[in-house]
Amino acid sequence: MDYEAITQHLVKQGYQATLEELDGVPYLKVTVDVSDSSVELVHFHVNEFSALPEFWLKNAAVYGALAHVLNIERIGYGHICIGDRDSISVNFEQPHLAVEASLQRHIDQVRQSIEDSEWNKQELVREFITNWNNAVLKPSDPQLILAAKERHLELMHVFNPRKGSGYGYASFYLGITDHVSDISEFSSIAPTNTDGRSPAGEGYVVPLGALSPPPVSRDELANWYISTISSLPPGELSKLEKLVSRRRSNRFWVVFNGDTTSGTAWFGVHLKPKGKGKRTLPLKASNLSEWSIKPIQVTVFNKERILPRGGAKISLSDKSVLLVGCGSVGGEIAYKLAASGIGKLTLVDPDVYSLDNLYRHVLDERLIGAGKALGLSLMIESKHPWTKCTHVNSRLLDLRGKEIRKNFDLMIVAIGSPTHERLFHDFLVENNVSLPVINTWVEGYGVGGHATLDIPRSKGCLRCAYVDHSDLSRGLASNLNFLESNQDVTLNHAGCGDLFLPYSTLNAGQTALIASDLSIHFLNGSIPESCKVSWKGDDTEALKAGLRTTHRYQVFQKSLMRLPLYDEHCDFCNND
Amino acid sequence: MTIQQRFLKFHDAIKLSREDDAYKKAREKDDSVTSDVKKAFHDAGYPVIEDFIQGSFAMHTGVKRKGEDFDIDRAVVIDSENAPDDSVKPKIVICDEVLEKRGFKNAQVKTPCVTADYASENLHIDYPVYRKSGGAYELAIGKRGSGEAQRYWDRADPKGLKNWVVDKSGYGGSADAKVQQFYRVARYLKSWRNEKFSSDICRKLYSIGITVMAKQCFYPVMDDEGRPNDLTALKNTVSAMLTSGYFINQGDETYVVSVTLPVTPYREIFHNNCKNTGSQFKNKLESMKRKLTDAIAEEDEKKQCEILKDLFGDDFPDCEDAKKADISDKRRFATAGAVGTSQGA
């Protein structure tokens with residue numbers, strides 16, 4: 001890297017830039033005037049610019065706590081954060097320009113933090129957890145996963161990591177409060193699931209409301225703790241004192257939560273008496289001197305935090321979905337719905353999971369021999385603690401009962417059986433069962449997949465997707481299909497009992513995506529009318545197998561788009 | 001009722017096929033006569049090696065005609081090695097040994113075939129006789145009293161013509177549905193001919209000529225969902241028929257129509273048409289095109305229907321209030337007992 005040229009360029013652009021050396025380490029120094037004083041920014045030489053060139057703030061501690069500046073005390077420099085470096089595309093072919101662009105960003109950042117004290121304070125609070133983690137935490141400090149709700153002052157039971165666990169939930173300390181009863185019993189963090197964990201004491205969850213900036217160093221932690229406790233509103237403080245007075249222990253965990261403009265921040269401390277004997281949690285400076293205190297990293301585990309963080313919606317947690325068909329498409333749908341935040345899933349399938357299903361099904365080999373619905377229930381609940389699953393060993397046609405409407409917001413049928421699906425649809429119509437239904441299926445050879453959403457009392461129904469366009473009769477095959485009817489599309493490896501439709505897990509997944517997307521948008525209230533969605537895949541394999549595609553396939557250009565389901569020739573929709 | 005429903009109902013009314021109920025007795029008669037022909041040819045020393053329906057039945061373009069006989073074109077094929085040199089001889093066997101003995105009126109040996117009417121069944125029957133060598137067919141030409149020069153076996157391709165008409169290889173996806181639309185368009189045109197022309201002209205506008213023109217000019221019309229649009233397909237076909245060089249200007253705005261058979265022997269189909277036939281055909285096609293264009297542009301379904309009823313006559317469904325439900329149409333079930341699908345999950 002030609003730092004001479006870079007320096008010359010910066011000077012030419014009006015920067016006070018010089019090349020220096022510190023203990024044999026060459027660096028580029030740039031001096032800028034900020035608030036009547038000179039600030040030194042330093043860039044240590046590198047061989048290539050694979051990211052924006054970094055500048056460090058010399059003597060960062062002099063400026064106090066600065067937002068987006070992490071003071072590294074042992075070297076006397078502060079690391080300046082100017083955003084996500086990875087997402088910035090750097091002109092490594094013109095390094096002088098890269099340095100100039102980066103330098104100006106660093107200068108702007110430092111200048112704002114130093115000159116605008118109000119903004120600086122807000123940013124310190126907004127990035128509370130980052131600043132907490134950077135300023136006070138060490139890698140060896142305990143990491144606690146906490147299943148708790150926000151804004152509840154309450155007792156917490158803490159368990160040690162499971163012995164020998166190097167990763168996963170089991171490798172963390174686990175904190176459990178009384179407000180986590182909505183977690184599935186099959187989840188690893190379910191209150192009932194503490195097998196293999198030994199108790200690690202008790203503690204408290206303390207809501208703080210609006211936060212102040214975090215301590216700027218680990219040494220300030222004790223003072224910060226006392227200051228924070230004493231700043232609690234009188235009512236909250238007395239509640240805490242009352243709660244604390246009931247328990248004596250030789251260790252305590254205190255987890256705080258507070259509001260920042262970027263959400264609720266969770267963090268905590270672990271306290272241990274310097275001497276022997278059990279005591280109540282210290283709340284005053286005079287008591288704290290007998291305790292050692294260290295910070296803990298807290299990962300809170302409640303649906304209000306975890307669901308939005310993963311893109312799921314809290315508003316779906318009270319929705320109940322009946323999913324019939326837990327095959328390769330249905331299995332994917334179940335996962336997608338749970339991951340989207342659906343609170344209740346009833347999974348229906350009469351089949352047993354077999355080794356043949358392994359590669360295109362979401363279930364793992366441990367569940368071979370189990371009912372697909374049961375296996376899916378277990379796996380969904382294990383990964384998605386706030387989705388309650390019920391499994392039913394049954395077929396679609398066995399569900400023909402009027403009471404079906406009462407319990408579900410949406411029904412999804414993923415069985416790939418046009419006969420059963422039409423029979424069931426007709427049952428719903430004839431019995432005035434007002435249940436929104438999504439029917440979804442994948443076609444063989446990767447040509448595509450489809451989903452229809454039939455919303456009662458809106459235009460369009462499943463039978464619209466079955467109108468035979470050639471004679472406008474009630475067709476037997478869907479008019480959405482991309483492969484023509486009456487072709488030999490199944491394969492078998494072992495005779496008649498082993499017939500299967502060839503498609504990949506990707507095809508099943510794509511189909512599940514359109515059905516899941518339809519489900520979520522409908523349950524969110526953004527789809528008022530019955531509609532249909534298809535995805536169109538490649539026809540190479542189908543053509544190789546000598547199969548014919550439909551006109552719809554050949555002209556279709558609306559993959560993933562929601563199209564009206566209504567067909568003016570559907571006699572179900574036009575019999576008024 | 002939508003316009004497509006009306007077209008399909010119209011098609012139901014005019015369609016004639018071997019499977020048609022109305023045609024059941026004629027079909028039984030045909031089977032029975034064919035059986036007698038086979039016996040008579042066997043006795044004569046040239047057994048029938050093949051027989052097949054040709055003409056509009058085979059091409060799926062047959063239409064019913066009020067007050068007219070049902071037509072049957074039954075080709076009988078004998079082996080060239082056994083066939084008599086005299087091409088008229090087997091035709092006389094059919095006429096004398098089978099048809100007359102069975103009570104057919106007006107049984108005659110005509111140049112291309114043996115023809116007869118079975119009055120009680122409204123059946124008009126044509127028996128072309130072919131001899132076959134390898135895959136090549138030759139048609140028995142000549143009638144009673146024809147001189148040697150008018151009696152011969154002439155190269156023909158009866159199956160080639162049928163295959164050409166029913167060919168769907170160029171239609172892309174949903175080819176079955178598209179060729180079905182072609183059959184309907186051909187039937188609409190033939191039904192229109194029967195409605196709009198005097199019997200004298202009508203007789204000269206051969207069905208095979210209209211079918212060949214339609215086939216050459218037809219392009220399937222479906223929307224992106226695969227829904228056929230017969231009105232637009234018919235209009236496009238008619239437009240193309242008018243601009244494809246079939247009508248040859250004879251001066252003074254008179255025309256003759258000229259269409260070549262698309263297979264062996266590639267002869268002129270309208271070999272004996274005159275200016276009057278050609279001009280009327282062209283003028284009425286022009287009128288049809290205008291009316292179909294008007295119908296497409298018309299937003300009021302009732303008025304649209306009236307335009308079409310004027311074109312096609314009483315067989316086209318009545319133009320009741322468009323909003324009035326047609327229960328008989330609305331309870332239509334699939335005609336197949338089962339259909340294999342590509343649906344899975």
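Given the structure is predicted, the values throughout are model-derived calculations rather than measurements.

**Remarks on the overall build of chain B**
The helix and strand tally for chain B stands at 12 helices and 11 strands. In terms of C-alpha radius of gyration, chain B reaches 22 Å, essentially the compact-globule figure of 20 Å for 345 residues. Here chain B, with 345 residues, has 51% of them falling under the buried criterion. Considering only contacts within chain B whose residues lie at least 6 apart along the sequence, 65% involve residues at least 24 apart. When the accessible surface of chain B is summed, it comes to about 15,800 Å², and 44% of that surface belongs to carbon and sulfur atoms. For chain B, the distance from the average site of its 55 positive side-chain charges to the average site of its 55 negative ones is 1 Å.

**What about the packing of aromatic side chains?**
Tallied over the entire structure, the rule returns 37 aromatic pairs over all chains. A ring pair is formed by Phe-7 of chain B and Tyr-188 of chain B, whose centres lie 5.0 Å apart and whose planes are at 50°; its orientation type is tilted. With Phe-7 of chain B in helix H1 (residues 3-14) and Tyr-188 of chain B in helix H6 (residues 175-196), this pair connects stretches of sequence that are 181 residues apart. Across the pair, Tyr-188 of chain B and Phe-7 of chain B agree in class, each one buried. Between Phe-52 of chain B and Tyr-130 of chain B, the ring centres sit 6.5 Å apart and the planes meet at 25°, which makes this aromatic pair stacked. Highlighted residues: Phe-52 of chain B in strand E1 (residues 48-54) and Tyr-130 of chain B in strand E6 (residues 129-133), separated in sequence by 78 residues. By relative accessible area, which is 12% here, Phe-52 of chain B ends up buried. An aromatic cluster is built from Phe-128, Trp-132, Trp-224, Tyr-225, Phe-256 and Phe-267 of chain A, whose rings are joined through pairwise contacts. Above the ring of Tyr-503 of chain A, the side-chain terminus of Arg-360 of chain A is found at 3.6 Å from the ring centroid.

**A look at the packing of H6 of chain B against helix H10 (residues 275-297) of chain B**
Residues and elements named next belong to chain B. At a closest axis distance of 12 Å, the pairing of H6 and H10 adopts a crossing angle of 115°. It follows that H6 is roughly perpendicular to H10 by the angle criterion. Between H6 and H10 the crossing geometry is right-handed. From H6, Leu-189, Trp-192 and Lys-196 reach across to H10, where they touch Phe-281, Lys-284, Leu-285 and Met-288.

**Description of the interface of chain A and chain B**
Each partner contributes to the interface: chain A provides 45 residues, whereas chain B provides 34 residues. Between chain A and chain B, a total of about 3,200 Å² is buried, with carbon and sulfur atoms accounting for 49% of that surface. For the pair chain A and chain B, the interface holds 3 salt bridges. One salt bridge in this structure joins Arg-552 of chain A and Glu-225 of chain B, with 2.7 Å as the shortest N-O distance. At the junction of chain A and chain B, the tally comes to 20 residue pairs in polar contact (both at pLDDT 80 or more). Listed by contribution, the elements that provide at least two residues to the side of chain A that touches chain B are helix H9 (328-340), strand E18 (437-443), strand E21 (473-474) and helix H15 (551-555) of chain A. In terms of residue count, H15 of chain A provides more of the side of chain A that touches chain B than any other element does, 4 residues in total. Here the side of chain A that touches chain B is composed, by residue class, of 17 nonpolar, 18 polar and 10 charged. Sheet topology note: the E18 of chain A/strand E11 (residues 343-344) of chain B ladder contains 2 bridges and is antiparallel.

**Examining a negative patch on the surface**
Taken together, the side chains of Glu-568 of chain A together with Asp-300, Glu-301 and Glu-306 of chain B present a region of like negative charge at the surface. Along the chain, Asp-300 of chain B turns up in the loop between H10 and helix H11 (301-312).

**Here's the deal with helix H8 (residues 207-217) of chain B**
All names here are of chain B. A large share of H8 lies buried, amounting to 8 of its 11 residues. The set of residues buried in H8 consists of Gly-209, Ile-210, Thr-211, Val-212, Met-213, Ala-214, Lys-215 and Cys-217. On its buried side, H8 packs onto helix H5 (158-166), H6, helix H9 (230-242), strand E9 (247-251), strand E10 (254-257) and H10.

**A short note on the nonpolar core**
Core analysis: the biggest nonpolar cluster contains 58 residues, and Phe-7, Leu-234, Phe-281, Met-288, Leu-308 and Phe-312 of chain B have the highest contact counts within it. Per-element accounting of this core gives the leading share, 9 residues, to H6 of chain B. In this structure Leu-234 of chain B touches Phe-7, Val-185, Tyr-188, Leu-189, Met-288, Leu-292 and Phe-312 of chain B, once residues within four positions along its chain are discounted. Counting 55 residues, the second-largest nonpolar core is a separate cluster that includes Val-329, Ile-333, Tyr-353 and Ala-515 of chain A.

**Things to note about the pattern of salt bridges**
Residues and elements named next belong to chain A. Evaluation of the coordinates by the stated rule reveals 39 salt bridges over all chains. The salt bridge involving Lys-29 is made with Glu-40; its shortest N-O contact spans 3.9 Å. Pair noted here: Lys-29 is in strand E2 (residues 25-34) and Glu-40 is in strand E3 (residues 37-44), with a separation of 11 residues, a long-range link. Owing to a relative accessible area of 22%, Glu-40 belongs among the partly exposed residues under this scheme. Put simply, Lys-58 and Glu-40 hold a salt bridge, and the shortest N to O gap is 3.5 Å.

**Details of helix H2 (residues 95-115) of chain A**
For H2 of chain A, spanning 21 residues, the distance from its first C-alpha to its last is 30 Å, which sits close to the expected 30 Å at 1.5 Å a residue. Check the buried side of H2 of chain A and you find it contacts helix H1 (3-12), E2, E3, strand E4 (56-58), strand E6 (77-80) and helix H3 (117-126) of chain A.

**Brief notes about the domain arrangement of chain B**
All names here are of chain B. Partitioning chain B into structural domains gives domain 1 (21-160) and domain 2 (169-335). Each of domain 1 and domain 2 has a C-alpha centre, and the two are 30 Å apart. Across the boundary between the two partners, domain 1 contributes 12 residues, which contact 13 residues of domain 2. Contact between domain 1 and domain 2 buries roughly 1,100 Å² in total, counting both sides, with carbon and sulfur atoms accounting for 56%. If you sort the residues of domain 1 by the area they bury against domain 2, His-60, Thr-61 and Val-63 come out on top, with a joint share of 41%. At the junction of domain 1 with domain 2, the criterion picks out 0 salt bridges. Counting across the interface, domain 1 meets domain 2 through 3 residue pairs in polar contact (both at pLDDT 80 or more). Of the residues belonging to the side of domain 1 that touches domain 2, the class tally is 3 nonpolar, 5 polar and 4 charged.

**Regarding the domain arrangement of chain A**
Each assigned domain of chain A is listed here: domain 1 (3-115), domain 2 (133-301) and domain 3 (311-564). Taking the mean C-alpha position of each, domain 1 of chain A and domain 3 of chain A sit 56 Å from one another.

**A look at the state of the cysteines**
Throughout the structure, instances matching the rule amount to 1 disulfide over all chains. One disulfide bridge connects Cys-305 of chain B with Cys-319 of chain B, the sulfur atoms lying 2.1 Å from each other. The chirality of the disulfide connecting Cys-305 of chain B with Cys-319 of chain B is left-handed, given an S-S dihedral of about -80°. You can see Cys-305 of chain B sitting in helix H11 and its partner Cys-319 of chain B sitting in the loop between H11 and helix H12 (327-330), a full 14 residues away along the chain. Of the two residues, Cys-305 of chain B and Cys-319 of chain B, neither departs from the other in class, the shared state being buried. With no disulfide of its own, Cys-461 of chain A lies closest to Cys-573 of chain A among cysteine sulfurs, the gap being 3.6 Å. Taking relative accessible area as the criterion, Cys-461 of chain A reaches 6% and is therefore assigned buried. Note on Cys-531 of chain A: no disulfide assigned, nearest cysteine sulfur contributed by Cys-464 of chain A at a separation of 12 Å.

**Brief notes about the side chain of Ser-458 of chain A**
Residue and element names in this part refer to chain A. Relative to the assigned elements, Ser-458 resides in the loop between strand E19 (448-454) and strand E20 (467-468). Residue classification places Ser-458 among the buried positions, given a relative accessible area of 15%. A distance of 2.8 Å separates a polar atom in the side chain of Ser-458 from a polar atom in the side chain of Ser-530. Beyond its immediate stretch of four places on either side in the chain, Ser-458 contacts Pro-528, Glu-529 and Ser-530.

**With respect to the sheet that holds strand E8 (residues 154-159) of chain A**
All names here are of chain A. Ordered by their spatial adjacency, 7 strands build a closed barrel running E7-E9-E8-E10-E11-E12-E13, and the pairing between neighbours is mixed. On average, each strand axis in the sheet is inclined to that of its neighbour by 35°, with strand direction left out of account. Sitting on the sheet, helix H4 (residues 128-136) touches strand E11 (252-260), strand E12 (263-273) and strand E13 (291-300), and the angle it makes with E12 is about 30°.

What counts and what doesn't
Residues numbered from 1 in each chain as written. Chains lettered and ligands numbered in written order. Predicted model: local features only at pLDDT ≥ 70, side-chain atom pairs only at ≥ 80, totals over all residues. Heavy atoms only, no water. Helix = DSSP H or I, 4+ residues; strand = E, 2+ residues; numbered from the N terminus. Rg over C-alpha atoms; globule rule 2.2 N^0.38 Å. Buried < 20%, exposed > 50% of the residue type's maximum accessible area, 1.4 Å probe, protein only. Contact = heavy atoms within 4.5 Å. Areas by Shrake-Rupley, 256 points an atom, 1.4 Å probe, with all protein chains shown as cover. Lys, Arg positive; Asp, Glu negative; His and termini not counted. Charge placed at Lys NZ, Arg CZ, Asp CG, Glu CD. Phe/Tyr/Trp six-rings, centres within 6.5 Å; stacked < 30°, edge-to-face > 60°. Lys NZ or Arg CZ within 6 Å of the ring centre and 35° of its normal. Axes fitted to C-alpha atoms, helices over the stretch in contact; angles between N-to-C directions. Parallel < 35°, antiparallel > 145°, perpendicular 65-115°, else oblique. Left-handed = near helix turned anticlockwise from the far one by under 90°. Buried area = accessible area lost by both parts, 1.4 Å probe. Salt bridge = Lys/Arg side-chain N within 4 Å of Asp/Glu carboxyl O. Polar contact = N/O pair within 3.5 Å; in protein donor to acceptor, adjacent residues only side chain to side chain. Nonpolar A, V, L, I, M, F, W, Y, C, P; charged D, E, K, R; others polar. Pairing = 2+ DSSP bridges. Patch = residues over 30% accessible without salt bridge, like charges linked within 9 Å, V, L, I, M, F, W, Y side chains within 5 Å. Core = buried A, V, L, I, M, F, W, Y, C linked by side-chain atoms within 4.5 Å. Expected span 1.5 Å × (residues − 1). Domains from an automatic or database assignment. Disulfide = S-S within 2.5 Å.

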